[in-house]
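# Descriptive analysis of the structure
Given next are the chains, with one letter for each unit.
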Amino acid sequence: MTVPPLVAPGRGGGLLDVARRRYLLRLLVRRELRSRYQGSLLGLGWSYVRPAVNFAVYFFVVGIFLKMSKAIPNFPVFLFSGMVLVSFFTETLITTAWSVVGNASLVKKVYLPRELFPVSSMLVSGVHMLPALGVLMGGAIWAGWTPSWIATGSIVLAFAIVGALAMAFGLLFAAVNVFFRDFGQVVDIINIVVPWSVPMIYPWTTVQEAAHGGWPLQVYLANPLTSAVLLFERAFWWPTNDHAATLPNGAPALPGGLLAFPYHLTVRGLVSLLAALLLLAVAQLVFARLQRRFAQEL
């Protein structure tokens, strides 16, 4: 039997090691799911309750009281399309930030790829997202949604962007939180800002009108999460608008004649994916350097 050589912490293969140790990843995911719902009355049912309450608050306050539902056709599908992705992203930020600290006993006793902890936390967030995604698809079908190649491609591209971006920030936050435990409070503040920084509650044209098409709009559209939300809306919300308006050049438009999506949305999505992957590579390097001191700090 050949004994594999010893590897110093921080000198492993990073996320590639996680892929090689899928059995450990499955164990961590199962353990986190069991521990999170141990003694819980509803168990995984909370995955339905939380997004339902969140959706109801936004729908009645923004859609009914602020009358956004009159400006956006099929506003419930529009709102929930963005909410599914944003909730997955924000929950991943919270759970990954505490993933290493929460597994301090394992970090100090045995060596295994430390990236396993934030990756497993992100996968648990993905499990929680599945019920909301099923509700979104059911609601979209009820509103008249039919599958198409552009919808499928938009869904895959949006998930790729959010997954890469969430994993990048997850690695960074998990590493920094080992050294500065109050960084978890920073993550909570970020999660307050995120839902309002993307076109989830309002159409992106609101920013276009406020910025008069200037550089603030370009900064807003440069956010990879903005591109992901727009792609998800194009996949689920736009096909439900049978009588949607179009501009003279055939571009989709809202009832007021405003452009429904930015031009070249797919290209913007691909650029956003590339930016998210580059950030993920940088985050992996930072995590690999800092993890050498994890056991000492914990």
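Just so you know, these numbers come straight off a predicted model, no measurement behind them. (Residues numbered from 1 in each chain as written. Predicted model: local features only at pLDDT ≥ 70, side-chain atom pairs only at ≥ 80, totals over all residues. Heavy atoms only, no water.)

A word on helix 14 (residues 265–290). Working note: α-helix, 3.6 residues per turn, so residues spaced by three or four point in the same direction. With 26 residues, helix 14 should reach 38 Å at 1.5 Å per residue; the first-to-last C-alpha distance of 37 Å fits that figure. Within helix 14, the full set of buried residues consists of Leu265, Gly269, Ser272, Leu273, Ala276, Leu280, Ala283, Gln284, Phe287 and Ala288. (Helix = DSSP H or I, 4+ residues; strand = E, 2+ residues; numbered from the N terminus. Expected span 1.5 Å × (residues − 1). Buried < 20%, exposed > 50% of the residue type's maximum accessible area, 1.4 Å probe, protein only.)

Helix length check: helix 5 (residues 75–97) (23 residues) gives 33 Å between terminal C-alpha atoms against 33 Å at 1.5 Å per residue, within 8%. The element helix 5 is extensively covered by neighbouring structure, given that 20 of its 23 residues are classed as buried.

Note: most residues except glycine have negative phi, and most peptide bonds are trans. Phi at Asn74 takes a positive value of approximately 50 degrees, unusual for a residue other than glycine. As for its placement among the helices and strands, Asn74 is situated in the loop between helix 4 (68–71) and helix 5. With phi around 55 degrees, His264 is a residue other than glycine that occupies positive phi space. Structurally, the position occupied by His264 is in the loop between strand 2 (252–253) and helix 14.

It is at 9 Å that the axes of helix 13 (residues 224–236) and helix 14 come closest, and there the two elements cross at 135 degrees. As summarised for this structure, helix 13 and helix 14 are arranged oblique, according to the angle between their axes. For helix 13 against helix 14, the interelement crossing comes out left-handed. In this structure, helix 13 uses Pro224, Ser227, Leu230, Leu231 and Arg234 to contact helix 14, whose residues at the interface are Leu265, Thr266, Arg268, Gly269 and Ser272. In the contact of helix 13 with helix 14, the residues fall into four nonpolar, four polar and two charged. (Axes fitted to C-alpha atoms, helices over the stretch in contact; angles between N-to-C directions. Parallel < 35°, antiparallel > 145°, perpendicular 65-115°, else oblique. Left-handed = near helix turned anticlockwise from the far one by under 90°. Contact = heavy atoms within 4.5 Å. Nonpolar A, V, L, I, M, F, W, Y, C, P; charged D, E, K, R; others polar.)

For the protein chain, the mean per-residue pLDDT works out to 81, and 84% of the residues sit at or above 70. Averaged pLDDT values over the elements of the protein chain bottom out at 58 in strand 1 (residues 245–246) and peak at 93 in helix 13. (pLDDT = per-residue confidence, 0-100.)

Let's shift gears to the packing of aromatic side chains. Under the definition given, this model contains 10 aromatic pairs. Arranged with centres 5.1 Å apart and planes meeting at 75 degrees, the rings of Phe78 and Trp237 form a pair that is edge-to-face. Note that Phe78 is positioned in helix 5 and Trp237 in the loop between helix 13 and strand 1, a separation of 159 residues in sequence. You can call Trp237 buried: its relative accessible area is 2%. Ring centres 5.1 Å apart and planes at 65 degrees place the aromatic pair Phe232 and Phe236 in the edge-to-face group. Here Phe232 and its partner Phe236 are both found in helix 13, four residues apart, which amounts to about one turn of the helix. (Phe/Tyr/Trp six-rings, centres within 6.5 Å; stacked < 30°, edge-to-face > 60°.)

Inspection of the secondary structure puts Leu165 in helix 9 (residues 149–179). In contact with Leu165, other than residues within four places in its own chain, are Phe89, Pro224, Leu225, Ala276 and Leu279.

Time to look at the environment of Gly269. When you line up the elements, Gly269 lands in helix 14. Residues Gly269 and Leu231 lie 38 residues apart in sequence; the distance between their C-alpha atoms is 7.6 Å. Setting aside anything within four residues of it in sequence, one finds Gly269 in contact with Leu157, Ile161, Ser227 and Leu231.

Time to look at a positive patch on the surface. Together, Arg22, Arg26, Arg30 and Arg34 give the surface a local cluster of positive charge. For Arg22, the location among the structural elements is in helix 2 (residues 22–37). (Patch = residues over 30% accessible without salt bridge, like charges linked within 9 Å, V, L, I, M, F, W, Y side chains within 5 Å. Areas by Shrake-Rupley, 256 points an atom, 1.4 Å probe, with all protein chains shown as cover. Salt bridge = Lys/Arg side-chain N within 4 Å of Asp/Glu carboxyl O. Lys, Arg positive; Asp, Glu negative; His and termini not counted. Charge placed at Lys NZ, Arg CZ, Asp CG, Glu CD.)

Our focus in this paragraph is the environment of Arg289. Along the polypeptide, Arg289 turns up in helix 14. The exposed category is assigned to Arg289, whose relative accessible area is 62%.

Another point: the nonpolar core. Grouped together as the largest cluster of nonpolar side chains are 85 residues, with contacts concentrated most on Phe232 and Phe236. If one sorts the elements of this core by residue count, helix 9 sits on top with 17 residues. Not counting chain neighbours up to four residues away, the residues in contact with Phe232 comprise Ser81, Val84, Leu85, Leu133, Leu136, Ile155, Ala158, Phe159 and Trp237. (Core = buried A, V, L, I, M, F, W, Y, C linked by side-chain atoms within 4.5 Å.)

On the surface, a cluster of nonpolar side chains totalling about 680 Å² of accessible area is made up of Val53, Val57, Phe60, Val61, Ile64, Phe65 and Leu66. Along the chain, Phe65 falls in helix 3 (residues 46–65). What makes Phe65 exposed here is its relative accessible area of 58%.

With that settled, the discussion passes to the side chain of Arg114. Within the fold, Arg114 resides in the loop between helix 7 (104–109) and helix 8 (116–142). One buried charged residue, Arg114, remains without a salt bridge, the closest side chain of opposite sign being Glu115 at 7.5 Å. Contacts of Arg114, omitting those with residues within four sequence positions, involve Val107, Phe287, Gln291 and Phe294.

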